[in-house]
Amino acid sequence: PPLLAWTTAVTGGLTDERPVALRAPALLASLVARLLLAALLRDAGFGLGEIAGGLAVAGTSAMFLTYGAMLDTPVLSLPFGLAAIGAAKRAWQGRPPPAPVLVIAGLLAALAGWQSLLAVVVGAALTLCSPSTDGRRAGRILGAGAAAGLAITLAWIAWVKGTLLALGDQAAYRAGIDTAQWLDRQQTHAGDLYGPVLLVVAAVGLVLAVALPHRPNPATSD
């Protein structure tokens, strides 16, 4: 996806390709991702203390500290994926953002990385099952923005590479390991980048989120 190349070209051109400037898109994306995560948690009804604790745990993880400044699409796409999830969440609840915001969220997610594109596709698909008519309409708009971004991305790849066959080659290369090898790698990565403490915190948080009664956000409830 081309957004990384575009933003790096801009920051590098404005600063004579200084190393700090070249990493600026990744650093900014990591910081914005934390702000968006805080906004998502606040919109879900969590208190300031809970949000601060969650951000502290996430921001001190080996994953964030190791890769937060890495100039690659997983880092750049994170805030766009979070923005798309936030838009889909509000749409599901029948309080969708304005249509231009939905289109831009889907478009930028598709241009930023495959990770954020997957997030917006899943979010838009779930939103289509919303009990709200406005929510379902918002899901279609969000998906349309993502489709436009994907079309631009494919056109960009075809222009740069001269063919789209390179995508198939990459997919074949990345899928060229068996299930046992894949699971072994995930175990290694989970231990190195998250560690047992953070994994336990995440697991406990997931269980509590499912088990505890829903607390409506006073700022958004009628």
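Here the structure is a predicted model, which means the values were calculated and not measured.

1. A look at the confidence of the model for the protein
One rule of thumb: low pLDDT means the predicted coordinates there are not for detailed reading.
Part 1 of the reasoning: Residues at a pLDDT of 70 or more form 96% of the protein, whose mean pLDDT is 86.
Part 2 of the reasoning: Mean pLDDT across the elements of the protein bottoms out in helix α9 (residues 165–174) (73) and peaks in helix α6 (residues 99–112) (95).

2. A few points about the packing of helix α1 (residues 3–14) against helix α2 (residues 19–43)
Part 1 of the reasoning: As a packed pair, α1 and α2 sit with axes 8 Å apart at the nearest point and diverge in direction by 145 degrees. Here α1 and α2 pass one another in a crossing that is right-handed. Judged by residue contacts, Thr7, Thr8, Thr11 and Gly12 of α1 engage Ala21, Leu22 and Pro25 from α2.
Part 2 of the reasoning: Among the residues making up the contact of α1 with α2, the classes are represented as three nonpolar, four polar and no charged.

3. Topic: the side chain of Thr127
Part 1 of the reasoning: Along the chain, Thr127 turns up in helix α7 (residues 114–127).
Part 2 of the reasoning: Accessibility expressed as a relative area gives 1% for Thr127, which makes it buried.
Part 3 of the reasoning: In contact with Thr127, not counting residues within four places along its chain, are Ala88, Ala91, Trp92, Gly135, Arg136 and Gly139.

4. Things to note about the nonpolar core
Part 1 of the reasoning: The biggest cluster of nonpolar side chains holds 15 residues, and the ones touching the most others in it are Leu102, Leu117, Val120, Ala138, Leu142 and Ala146.
Part 2 of the reasoning: Among the elements of the structure, α5 (73–92), α6, α7 and α8 (133–161) are those that each provide at least two residues to this core.
Part 3 of the reasoning: Excluding its chain neighbours within four sequence positions, the residues that come into contact with Ala146 are Gly106, Leu107, Ala110, Leu117 and Val120.
Part 4 of the reasoning: Grouped together as the second largest cluster of nonpolar side chains are six residues, Leu3, Ala29, Leu111 and Ala112 included.

5. Points about a nonpolar patch on the surface
Part 1 of the reasoning: Among the surface-exposed residues, Met63, Tyr67, Tyr194 and Leu199 lie close enough to one another that they form a single nonpolar patch of about 330 Å² accessible area.
Part 2 of the reasoning: Looking at where Met63 falls in the secondary structure, it is placed in helix α4 (residues 62–67).

The rules behind each value
- Residues numbered from 1 in each chain as written.
- Predicted model: local features only at pLDDT ≥ 70, side-chain atom pairs only at ≥ 80, totals over all residues.
- Heavy atoms only, no water.
- pLDDT = per-residue confidence, 0-100.
- Helix = DSSP H or I, 4+ residues; strand = E, 2+ residues; numbered from the N terminus.
- Axes fitted to C-alpha atoms, helices over the stretch in contact; angles between N-to-C directions.
- Left-handed = near helix turned anticlockwise from the far one by under 90°.
- Contact = heavy atoms within 4.5 Å.
- Nonpolar A, V, L, I, M, F, W, Y, C, P; charged D, E, K, R; others polar.
- Buried < 20%, exposed > 50% of the residue type's maximum accessible area, 1.4 Å probe, protein only.
- Core = buried A, V, L, I, M, F, W, Y, C linked by side-chain atoms within 4.5 Å.
- Patch = residues over 30% accessible without salt bridge, like charges linked within 9 Å, V, L, I, M, F, W, Y side chains within 5 Å.
- Areas by Shrake-Rupley, 256 points an atom, 1.4 Å probe, with all protein chains shown as cover.
- Salt bridge = Lys/Arg side-chain N within 4 Å of Asp/Glu carboxyl O.

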